[in-house]
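Structure at a glance
Below are the chains, spelled out letter by letter.
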Amino acid sequence: MADPHIKCDLDILDKLTVILYRSAFTLAAVIMAIIGSETNTATPFLVIVALLASTTVHIYDKRFRWLIQGAGLFAAIWFMAGLWQPLALGAALFVFSALSIKEYFCFKVKALLLTPIVLAGFWFCLVFNLISIAIGFAVVGAALLAFAAFSKWRMPLHFDIGDKSRYQV
């Protein structure tokens, strides 16, 4: 994962991917704020931003990067195939759960450790048609993702990249 203590020169692609990654967290927060009451409308957008976030994340270890990217790709393919939509949504939520854990390990933002629990709670309640509780989880999930986005936007762009020589291909 990126190291905030290392400041490397960023090219235009580095800057673009960091901005897209942070924008995906911002959009995910907005989408989570409405997904509890507008699930069918909001799900495709959450799948899109999960794919965006998963393909622009900077993680040194290729195993974790591929796991997150694979979940984002799975969410998009599953959704486009028109199969059981909640599974695509679950994969998209997994992406943001994994990225929240990644952000915790990178920058020690402890509140982010709650994100996977909250997003899983939302998904579980949605699948079992506990809509009122799902909306509550969605609102908390939106707040956590907004906090992550706010925290990320406050950091210099190079914090997301770290040491370019450490990335596994």
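Residues numbered from 1 in each chain as written. Predicted model: local features only at pLDDT ≥ 70, side-chain atom pairs only at ≥ 80, totals over all residues. Heavy atoms only, no water.

With respect to the packing of aromatic side chains
- Tallied over the full model, the rule gives six aromatic pairs.
- Each ring, one from Tyr21 and one from Phe25, has its centre 5.4 Å from the other, and the planes form 80°; the classification is edge-to-face. Taken as a pair, Tyr21 and Phe25 lie in helix 1 (residues 12–35) at a separation of four residues, close to a single helical turn.
- Relative to Phe128, the ring of Phe124 has its centre 4.7 Å away and its plane inclined at 45°; by these criteria the two rings are tilted.
- Here the aromatic residues Tyr21, Phe25 and Phe96 are joined through ring pairs into a cluster of three or more.
- The ring of Tyr104 carries the charged tip of Lys108 above its face, separated from the ring centre by 5.4 Å. (Phe/Tyr/Trp six-rings, centres within 6.5 Å; stacked < 30°, edge-to-face > 60°. Helix = DSSP H or I, 4+ residues; strand = E, 2+ residues; numbered from the N terminus. Lys NZ or Arg CZ within 6 Å of the ring centre and 35° of its normal.)

Here's the deal with the pattern of salt bridges
- Per the counting criterion, the structure on display carries three salt bridges.
- Between Glu103 and Lys102 there is a salt bridge; the shortest N-O distance is 3.1 Å. Each member of the pair, Glu103 as well as Lys102, carries the same accessibility label: buried.
- With a shortest N-O distance of 3.0 Å, Glu103 and Lys152 are connected by a salt bridge. (Salt bridge = Lys/Arg side-chain N within 4 Å of Asp/Glu carboxyl O. Buried < 20%, exposed > 50% of the residue type's maximum accessible area, 1.4 Å probe, protein only.)

Quick word on a nonpolar patch on the surface
- Side chains of Phe74, Leu83, Trp84 and Leu87 sit close together on the surface and give an oily, nonpolar patch of about 370 Å² of accessible area.
- Tracing the backbone shows Leu87 in helix 4 (residues 85–107). (Patch = residues over 30% accessible without salt bridge, like charges linked within 9 Å, V, L, I, M, F, W, Y side chains within 5 Å. Areas by Shrake-Rupley, 256 points an atom, 1.4 Å probe, with all protein chains shown as cover.)

Some thoughts on unusual backbone geometry
- One non-glycine residue with positive phi stands out, namely Asn129, at about 60°.
- Among the secondary structure elements, Asn129 is positioned in the loop between helix 5 (115–127) and helix 6 (131–154).
- Taking relative accessible area as the criterion, Asn129 reaches 58% and is therefore assigned exposed.

A look at the environment of Asn40
- Assignment of secondary structure puts Asn40 in helix 2 (residues 39–56).
- By relative accessible area, which is 61% here, Asn40 ends up exposed.
- When the C-alpha positions of Asn40 and Ile77 are compared, they lie 16 Å apart, and in sequence the two are 37 residues distant.

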